[in-house]
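Examining the three-dimensional arrangement
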Amino acid sequence: MLARRIIACLDIDGGRVVKSVRFVDTAPIGDPVELCRRYDAEGIDELVFYDISASAEGRRTTLETVAATAAHAFIPLTVGGGVGSVDQMRALLRAGADKVSVNSAAVADPGLIAAGADRFGSQCIVLSIDARRVPGAQRWEVVTHGGRRTTGRDAVAWAAEGQRLGAGELVLNSIDADGTRAGYDVAWCREVAARVSIPIVASGGAGSPDDFVRVLTEGRADAALAASVFHRGELSVAALKAHLAGRGVPVRPVARLAAEAP
Amino acid sequence: MIAIVDYDAGNLHSVGKAVETVGLRARTTARPADLESADAVILPGVGAFAPCMARLAERGFVAPLCAYLAADRPFLGICLGLQMLFEWGEEGPGAPGLGFFPGRVARIDAPGRAIPQIGWNALRMARATPLFEGIPDGEYFYFVHSFHARPARADDLVASVPYGESVTAAVARGRVHAVQFHPEKSSAAGLRLFRNFGRLAARPA
């Protein structure tokens, strides 16, 4: 049975992981390669790098980080953050990313999704959508630039449009829920799941193990992404997966085979 | 030396690094003549069936690969590198494959499920092969695909996964092995598979 995926997201700036990143009982780790190896050993199913580098130099460093990570962590890696052209997609995929995600640039130019899917295949192109709930309504509006700009676009219709244009997967990031640790926006995921046939990754709001259970069952998400609850060691991947399995959510068990020596 | 066929179809980097990680020597090559001297060949592939076959043909790999396979030499196909071993791919306008395994490559028939299948699925082993030595039935591997092979000969099937229908996950005949999933993205289980491939390639025929 296809397992629901648990994904860790790392913010990268100039080749370093930013924010306070630590595992239980260990010092902070800023080296993305080392962190990714640890997450792989812990049983994470997939990794996402979100590039927040503001400079061209920082972006070049990200390519090196992607290559180094792909050489040492043998699980899928998606890279996003400021991807705005087919050339950028090509550079990231050549460096070793398995998928690239587009967000604000695709809102400005939806043709970017089709261009990427035509060139590299839908399986490589992830449409990441930031949205806020319209107050008092069962509707969501697409926002860009980290939530600072509104677009007037309906976030369920945009998800369906993304699939039509060739996206192979959707990341639904709730700006309302992000950072609250009060749970994912389950209703938005459900609405999108009813409209598309490609996999959905829920993002924003992860706090407790039951938040994951809810979005992967009621929310009909195929995967759940989180950052701080993993990085700060508040939730271990193994404990989370044990909890999910106990609630009947199919997950890949952690470390069935002994890790291979490098 | 393991030759990894380079025909501009996807992520050779990860395959090469995974092979090196388990202590094997590998080299990517765009020269068909290199197949003759290789101890083993890996054919990766990401993308659509017809364009990948076209690129193999442009680079002169079709006849040398067919000869290599017919000689029962150690071979591992990955993802599209499995699909292209079959007679016909239905993706897009349709195109002939290398025809080593009888059968066609068709879209996954899974009403109500997400296509592509993206993620980790648990193998159901149909029979034992040296490639899966020490890998238990039910082990998870990482899949990304919308099409899968339908072997005409039941004996060619090694493993499947349930996804709407029974989806082909691995096939083999003699020393020719192929997997639909990505061992280079399947963590410890994937590395074990590469190590097994190195061992079977080192054995006399």
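Just so we're clear, the structure is a prediction, and the values are computed from it rather than from any experiment.

What counts as what
- In every chain, residue numbers begin from 1 and rise along the written sequence.
- Written order decides the labels, with chains lettered from A and ligands numbered from 1.
- In keeping with the model being predicted, local features are shown solely for residues with a pLDDT of at least 70 and side-chain atom pairs are shown and tallied solely at 80 or more, while totals for entire chains, interfaces and linings include all residues.
- Heavy atoms throughout the structure, all of them, feed into the side-chain values; hydrogens and water do not.
- For the purposes of this entry, the term helix denotes a DSSP run of H or I that reaches at least four residues, the term strand denotes a run of E that reaches at least two, and both are numbered from the N terminus.
- Note that the radius of gyration is over C-alpha atoms, with the globule rule given as 2.2 Å times the number of residues to the power 0.38.
- Contact between two residues is taken to exist if any of their heavy atoms lie within 4.5 Å; hydrogens are not considered.
- Only the protein chains shown count as cover for residues, and the accessible areas themselves come from Shrake-Rupley with a 1.4 Å probe.
- By the counting rule applied here, Lys and Arg register as positive and Asp and Glu as negative, while His and the ends of each chain are not counted.
- For the purpose of locating charges, the reference atoms are NZ of Lys, CZ of Arg, CG of Asp and CD of Glu.
- Working definition: rings of Phe, Tyr and Trp (its six-membered ring) pair if their centres are within 6.5 Å, and the pair is stacked with planes under 30 degrees apart, edge-to-face with planes over 60 apart, and tilted otherwise.
- Only protein chains enter the calculation, and the probe is 1.4 Å; a residue is then buried if its accessible area is under 20% of its type maximum, exposed if over 50%, and partly exposed in between.
- Nonpolar core, defined: a set of buried Ala, Val, Leu, Ile, Met, Phe, Trp, Tyr and Cys residues in which side-chain atoms within 4.5 Å join the residues together.
- Two parts placed together each lose some accessible area; with a 1.4 Å probe, that loss summed over both constitutes the buried area.
- What counts as a salt bridge is simple: a side-chain nitrogen of Lys or Arg found within 4 Å of a carboxyl oxygen of Asp or Glu.
- In the analysis that follows, any N or O atom pair within 3.5 Å is treated as a polar contact, provided that within protein one partner can donate a hydrogen and the other can accept it, and provided that, for residues neighboring in sequence, both atoms belong to side chains.
- Residue polarity is assigned by list, with Asp, Glu, Lys and Arg as charged and Ala, Val, Leu, Ile, Met, Phe, Trp, Tyr, Cys and Pro as nonpolar; anything else, Gly included, falls into the polar class.
- Strands are labelled as partners when DSSP assigns at least two bridges between them.
- Axis lines are fitted through C-alpha atoms, for helices just across the contact stretch, and the angle between N-to-C directions can take any value from 0 to 180 degrees.
- Small angles under 35 degrees read as roughly parallel and large ones over 145 as roughly antiparallel, with 65 to 115 read as roughly perpendicular and the rest as oblique.

Take the overall build of chain A next. Helix and strand content of chain A: 10 helices and 11 strands. A compact globule built from 262 residues should have a C-alpha radius of gyration of about 18 Å, and chain A, at 17 Å, falls within 12% of that. When the backbone C-alpha atoms are referred to their principal axes, chain A occupies close to 50 × 45 × 35 Å. Counting only contacts in chain A whose residues sit at least 6 apart along the sequence, the fraction spanning at least 24 positions is 65%. Approximately 10300 Å² of chain A is accessible, and the part contributed by carbon and sulfur atoms is 49%. For chain A, the separation between the mean place of its 30 positive charges and that of its 31 negative charges on side chains is 2 Å.

It is worth spelling out the overall build of chain B at this point. Per the secondary structure count, chain B includes six helices and 14 strands. Radius of gyration (C-alpha) of chain B: 15 Å, near the 17 Å computed for a compact globule of 205 residues. For chain B, the C-alpha atoms occupy an extent of roughly 45 × 40 × 30 Å along the three principal directions. When contacts within chain B are restricted to residue pairs at least 6 apart in sequence, those whose partners lie at least 24 apart make up 70%. Looking at chain B as shown, the accessible area adds up to about 7300 Å², and 51% of this sits on carbon and sulfur atoms.

What follows covers the packing of aromatic side chains. The description of two aromatic rings rests on the distance between their centres and on the angle between their planes. Enumeration over the complete set of coordinates arrives at 11 aromatic pairs over all chains. Centroid distance B:Phe141 to B:Phe181: 4.2 Å. Interplanar angle 25 degrees. Geometry classified as stacked. Taken as a pair, B:Phe141 in strand S10 (residues 140-145) and B:Phe181 in the loop between strand S14 (176-179) and helix H6 (187-202) lie far apart in primary sequence, 40 residues in all. We classify B:Phe141 as buried; its relative accessible area is 0%. Here a set of aromatic residues connected by ring pairs shows up, and it is made of A:Tyr39, A:Tyr184, A:Phe212 and A:Phe230.

Time to look at the nonpolar core. By size, the foremost hydrophobic cluster in this structure holds 79 residues, and its most contacted members are A:Phe212 and A:Phe230. Broken down by element, the residue count for this core peaks at six residues, all from helix H6 (residues 155-165) of chain A. In this structure, A:Leu2, B:Ile4, B:Cys79 and B:Leu131 belong to the second largest nonpolar core, which totals 41 residues.

Our next topic: unusual backbone geometry. Residue and element names in this part refer to chain B. In the segment running from isoleucine 115 into proline 116, the intervening peptide bond is cis, with an omega of 5 degrees. Along the chain, proline 116 falls in the loop between strand S7 (101-107) and strand S8 (117-122). Residues other than glycine seldom take positive phi values, yet cysteine 79 does so here, at roughly 60 degrees. As for its position among the elements, cysteine 79 is in the loop between strand S4 (75-78) and helix H5 (80-83). At serine 187, a position not held by glycine, the phi torsion is positive, near 55 degrees. Structurally, serine 187 can be placed in helix H6.

Attention now moves to the interface of chain B and chain A. In this complex, chain B contributes 40 residues to the contact, which on the side of chain A involves 36 residues. Broken down residue by residue, the surface that chain B buries against chain A is led by B:Ile118, B:Trp120 and B:Lys185, which jointly contribute 22%. Our count for the chain B to chain A interface comes out at one salt bridge. A salt bridge links B:Lys185 to A:Asp98, with the shortest nitrogen-to-oxygen separation between them at 2.9 Å. The interface formed by chain B and chain A holds 11 residue pairs in polar contact (both at pLDDT 80 or more) in total. Those elements that provide at least two residues to the side of chain B that touches chain A are helix H1 (12-21), S8, S10, strand S12 (157-163) and H6 of chain B. Grouping the amino acids of the side of chain B that touches chain A by side-chain chemistry returns 19 nonpolar, 12 polar and nine charged.

Reading across from one edge, S6-S5-S7-S11 (chain B) is the order of the four strands in this open sheet, with mixed pairing throughout. Every other strand in the sheet has two partners, leaving strand S6 (95-96) and strand S11 (147-151) of chain B as the edge strands with one partner each.

The next thing to look at is the sheet that holds S12(B). Residues and elements named next belong to chain B. Pairing is mixed in the open sheet, where eight strands are placed in the order S2-S1-S3-S4-S14-S13-S12-S9. Lying at the two open borders of the sheet, with one neighbouring strand each, are strand S2 (26-29) and strand S9 (124-125). Summarising the sheet, strand S13 (residues 165-173) and S14 pair through four bridges and their orientation is antiparallel. Bridge pairing in S14 links arginine 173 to valine 176. Contacts from H1 reach strand S1 (2-5), S2, strand S3 (40-43) and S4, with the element oriented near 165 degrees to S1.

This part takes up the packing of helix H2 (residues 56-70) of chain A against helix H3 (residues 86-95) of chain A. Residues and elements named next belong to chain A. Put simply, H2 and H3 touch, their axes get as near as 8 Å, and they point 30 degrees apart. The angle between the axes of H2 and H3 places the two elements in the roughly parallel class. Contacts between H2 and H3 involve Arg59, Leu63, Val66, Ala67 and Ala70 from the first element and Gln88, Ala91, Leu92 and Ala95 from the second.

Residues and elements named next belong to chain A. As for its position among the elements, glycine 14 is in the loop between strand S1 (5-13) and strand S2 (16-17). For glycine 14, a relative accessible area of 34% corresponds to the partly exposed category. Along the chain, glycine 14 and glycine 162 lie 148 residues apart, while their C-alpha atoms are 30 Å from each other. Filtering out sequence-adjacent residues up to four positions away, glycine 14 remains in contact with Ser53, Gly58 and Thr61.

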